[in-house]
Amino acid sequence: MTGLELIAVVLAAVLLMTWLARRLHLSEPLMLLGGGILIGLTPHFDHVDLPPDVVLLVFLPALLYWETLTTSLREIKTNFRSIALQSTGLVLVTALAVAAVAHALGYAWPIAFVLGAVLAPTDVAAVAAVAKAMPRRIVTLLRTESLLNDGTALVLLAVSLELLTAGRPFSWAGTTVRFVESYAGGAIIGAAIALALIPVRRHLKDRSLHSGLSVATPFIAFLPAEALHVSGVLAVVTCALVTSRVGPGLIRSDARLEATAFWEVTTFLLNGALFVLVGVQTPAAVRALTSISLLQATMIAAAVSATVIAARGAWFYTIPYLIRLVDRRPQQRQRRIGARQRLPLAWAGMRGAISLAAALTIPAITADGQPLAQRDAVVFITVVVITVTLAVLGPALPAVVRSARFTEDADEAAEEELAVRQLATTALAELPALANRFPVPQTTMAYIVKDLRKHAVTGAGETHDQGIRIKHRQMRAAYALETELLGVKRAALNDLRNQGRIDDIVLRRVQHHLDTEEQRLTMRVSLLPSSAHATGEPDAAHQGGSPAS
């Protein structure tokens, strides 16, 4: 079997299993996992080894980057305390709970802590696949937790492996310093990379180079951080947050549309491939189990699975209530959610390929050359916990979300309506000055004014004009005027986001309409007869270049 064969089979499985899951209305992650298990049971693929570096160095940066770019920065700031507690405190509590259960079942503390660190983080791909139907705040909490808790868990795993393989004594002070260095170092590197790329993005004129830089950015941030032994996860997340903040003013509309299309397809395939690869590894993990019997390992895995699920549930039904006793500020009271609405947060504890990759990084021998006992059992238990959480939690989550009876996110709809109104109002204010630069017929100007006033009053509909039917000789000037208006709208949209009146999710949705309209105008200009140049009217392609950049 070659690597190309495996890639082809995995991609085919992703497409087939996803189609079946959607056709039969079943859980996509679970179907992908099942497809991978079937592949792993075939003789041709029964000795596939998943290199952990492939997940940690190829899959993880790309998935982290796109998930962060599509997350609401304002919601992260607003819910920072909850996110920080879930991505650090919940990870540590889960790791300790798993370690305690494993130790009670016969494992030494060092290997028990390694198992706890491996199973502590939720999986970004699994959470993204099932969290779509929740309100914006809940989705942000879950997605950001899954983005950041990988960093906490990987640092905890590194400390645990040092205890296990090198026999170093545990130190609370040393471990705390390690966490602080890892988080601070990763955040600093990620921010520095994002800021260093700003002038590069500003001077790039080629769409393909813009898109290529977008693809390379997560790896440019991740690899230096890992080389300096700080959190690559935090580096990628921080880089993406800074980029999402400055990107609308730097990235051209055509490059943004191209990069968005690329990332949507790529992350779909990467997410699916991870679940398939976990399934492929499942039969291999069973065959490699030699340190204990299959029955013993299965019983331990069942106990650990229950612990992982129970620890998360206990956290969400104790810690928030303890915090309420301490923080009784009115603004915090307004943000409280009930026990029913808290259940989806507690339920969304699926594990995935990150845990498996972490388990596979455990070395086979210790620092003194001795075989590392029970490594095979840790890998097997990890595979079982991933399977159980995906099989038990994932399919039931939609029903749990429905039972929570979340109200419709009226704020998001109101913000989008506000954006449409404000963009139209700003364009109307700038229109007289622009009309002097672009000599268009009065009938055309009346059409534009009517369309903008409709949006300014109703706040509904597309955020762009629907097209102007005029003679060829007047089209170029009219399209140039429309392109300039899009630039005005885009600047107003960024101002709304910077003022905190809309969040990044609304900005991206409206921005997509503006980008699409700009490309429509560019295409129409390119189709104009060459004789239009003879009129001496402004060229829309050149007039619209600056606002799009």
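Residues numbered from 1 in each chain as written. Predicted model: local features only at pLDDT ≥ 70, side-chain atom pairs only at ≥ 80, totals over all residues. Heavy atoms only, no water.

(A) The arrangement of the overall build of the chain in detail. Along the chain, the regular secondary structure elements total 24 helices and zero strands. By the burial criterion, 53% of the 549 residues in the chain qualify as buried. When contacts within the chain are restricted to residue pairs at least 6 apart in sequence, those whose partners lie at least 24 apart make up 82%. For the chain, the computed accessible surface area is about 23800 Å², with 65% contributed by carbon and sulfur atoms. (Helix = DSSP H or I, 4+ residues; strand = E, 2+ residues; numbered from the N terminus. Buried < 20%, exposed > 50% of the residue type's maximum accessible area, 1.4 Å probe, protein only. Contact = heavy atoms within 4.5 Å. Areas by Shrake-Rupley, 256 points an atom, 1.4 Å probe, with all protein chains shown as cover.)

(B) Layout of the pattern of salt bridges. Using the criterion set out here, one finds 17 salt bridges in the structure. Across the pair Glu-518 and Arg-490 runs a salt bridge whose closest N-O atoms are separated by 3.1 Å. With Glu-518 in helix H22 (residues 504-526) and Arg-490 in helix H21 (residues 472-498), the pair connects residues that are 28 residues apart, well separated along the chain. Here Glu-518 falls in the buried class, since its relative accessible area comes to 5%. Close ionic contact of Arg-497 with Asp-504 constitutes a salt bridge, the shortest N to O distance being 2.9 Å. The class of Arg-497 is buried, set by a relative accessible area of 4%. Taking the relative accessible area as the measure of exposure, Asp-504 reaches 2% and is therefore buried. Ionic contacts of the salt-bridge type, sharing partners, join the residues Arg-256, Arg-490, Asp-515 and Glu-518 into one network. (Salt bridge = Lys/Arg side-chain N within 4 Å of Asp/Glu carboxyl O.)

(C) The packing of helix H13 (residues 294-316) against helix H18 (residues 375-404), seen in detail. As a packed pair, H13 and H18 sit with axes 9 Å apart at the nearest point and diverge in direction by 50°. Classed by the angle they form, the pair H13 and H18 counts as oblique. When the axes of H13 and H18 are compared, the crossing they make is right-handed. On H18, the residues touching Leu-294, Ala-297, Thr-298, Ile-300, Ala-301, Val-304, Ser-305, Val-308 and Ile-309 of H13 are Phe-380, Ile-381, Val-384, Val-385, Val-388, Thr-389 and Leu-393. Of the residues assigned to the contact of H13 with H18, the class counts are 13 nonpolar, three polar and no charged. (Axes fitted to C-alpha atoms, helices over the stretch in contact; angles between N-to-C directions. Parallel < 35°, antiparallel > 145°, perpendicular 65-115°, else oblique. Left-handed = near helix turned anticlockwise from the far one by under 90°. Nonpolar A, V, L, I, M, F, W, Y, C, P; charged D, E, K, R; others polar.)

(D) Fine view of the nonpolar core. Formed by 114 residues in total, the largest nonpolar core has its most connected members in Tyr-107, Leu-115, Leu-119, Val-276, Val-304, Leu-356 and Ile-381. Residue contributions to this core peak at 13 residues, all from H18. When near neighbours in sequence (up to four residues on either side) are disregarded, Val-276 contacts Val-10, Ala-13, Val-14, Leu-32, Gly-36 and Ile-39. Ranked by size, the runner-up nonpolar core spans 17 residues in total, among them Ala-427, Ile-448, Val-449 and Ala-480. (Core = buried A, V, L, I, M, F, W, Y, C linked by side-chain atoms within 4.5 Å.)

(E) Structural view of the packing of helix H2 (residues 28-41) against H18. Here H2 crosses H18 at 150°, and the two axes come no closer than 9 Å. For the crossing formed where H2 meets H18, the hand is left-handed. In this structure, H2 contributes Pro-29, Leu-30 and Leu-33 to the contact, and H18 contributes Thr-387, Leu-390, Ala-391 and Pro-395. Residues belonging to the contact of H2 with H18 are distributed by class as follows: six nonpolar, one polar and no charged.

(F) Region of interest: unusual backbone geometry. Of note in this structure, His-25 is not a glycine but carries a positive phi near 60°. Looking at where His-25 falls in the secondary structure, it is placed in the loop between helix H1 (3-24) and H2. Under the relative-accessibility criterion, His-25 is labelled exposed at 71%. If you check the backbone angles, His-229 has positive phi at about 60° while not being a glycine.

(G) View of the confidence of the model for the chain. Counting all residues, the mean pLDDT for the chain is 84, and 90% of those residues have values of 70 or more. Element-level pLDDT for the chain is lowest in helix H24 (residues 545-548), with a mean of 35, against a maximum mean of 95 in H13. Scored below 50 in pLDDT, residues 463-470 shows 31 contacts in the model against residues more than four places distant or in partner chains. Predicted confidence for residues 532-549 stays below pLDDT 50, and this span has 45 contacts to residues more than four positions away or in other chains. (pLDDT = per-residue confidence, 0-100.)

(H) Seen up close, the side chain of Asp-150. Along the polypeptide, Asp-150 turns up in helix H8 (residues 136-166). With no salt bridge to any partner, buried Asp-150 finds its closest opposite charge in Arg-351, at an N-O distance of 8.8 Å. When near neighbours in sequence (up to four residues on either side) are disregarded, Asp-150 contacts Leu-60, Leu-64, Pro-121, Thr-122, Val-233 and Ile-354. (Lys, Arg positive; Asp, Glu negative; His and termini not counted.)

(I) Representation of the environment of Leu-234 in the model. Mapped onto the fold, Leu-234 is located in helix H11 (residues 232-246). Along the primary structure Leu-234 and Asn-149 are separated by 85 residues, whereas in three dimensions their C-alpha atoms are 9.6 Å apart. Apart from the residues within four sequence positions on either side, Leu-234 is in contact with Leu-148, Tyr-183, Gly-186 and Ala-187.

(J) Here's a closer look at a nonpolar patch on the surface. A cluster of nonpolar residues, Leu-4, Ile-7 and Leu-11, forms a patch on the protein surface that exposes about 310 Å² of accessible area. Within the secondary structure, Ile-7 sits in helix H1. Overall, the relative accessible area of 49% leaves Ile-7 in the partly exposed class. (Patch = residues over 30% accessible without salt bridge, like charges linked within 9 Å, V, L, I, M, F, W, Y side chains within 5 Å.)

(K) Representation of helix H12 (residues 253-287). Helix length check: H12, at 35 residues, gives a terminal C-alpha distance of 52 Å against a target of 51 Å (1.5 Å per residue), a fit within 8%. Along H12, the sharpest kink reaches roughly 25°, centred on Gln-281 and followed within four residues by the proline Pro-283. (Expected span 1.5 Å × (residues − 1). Bend = angle between axes of the 7 residues up to and from the residue.)

(L) Focus on the environment of Val-384. Within the secondary structure, Val-384 sits in helix H18. Here Val-384 is in contact with Ala-301 and Ser-305, once residues within four sequence places are set aside.

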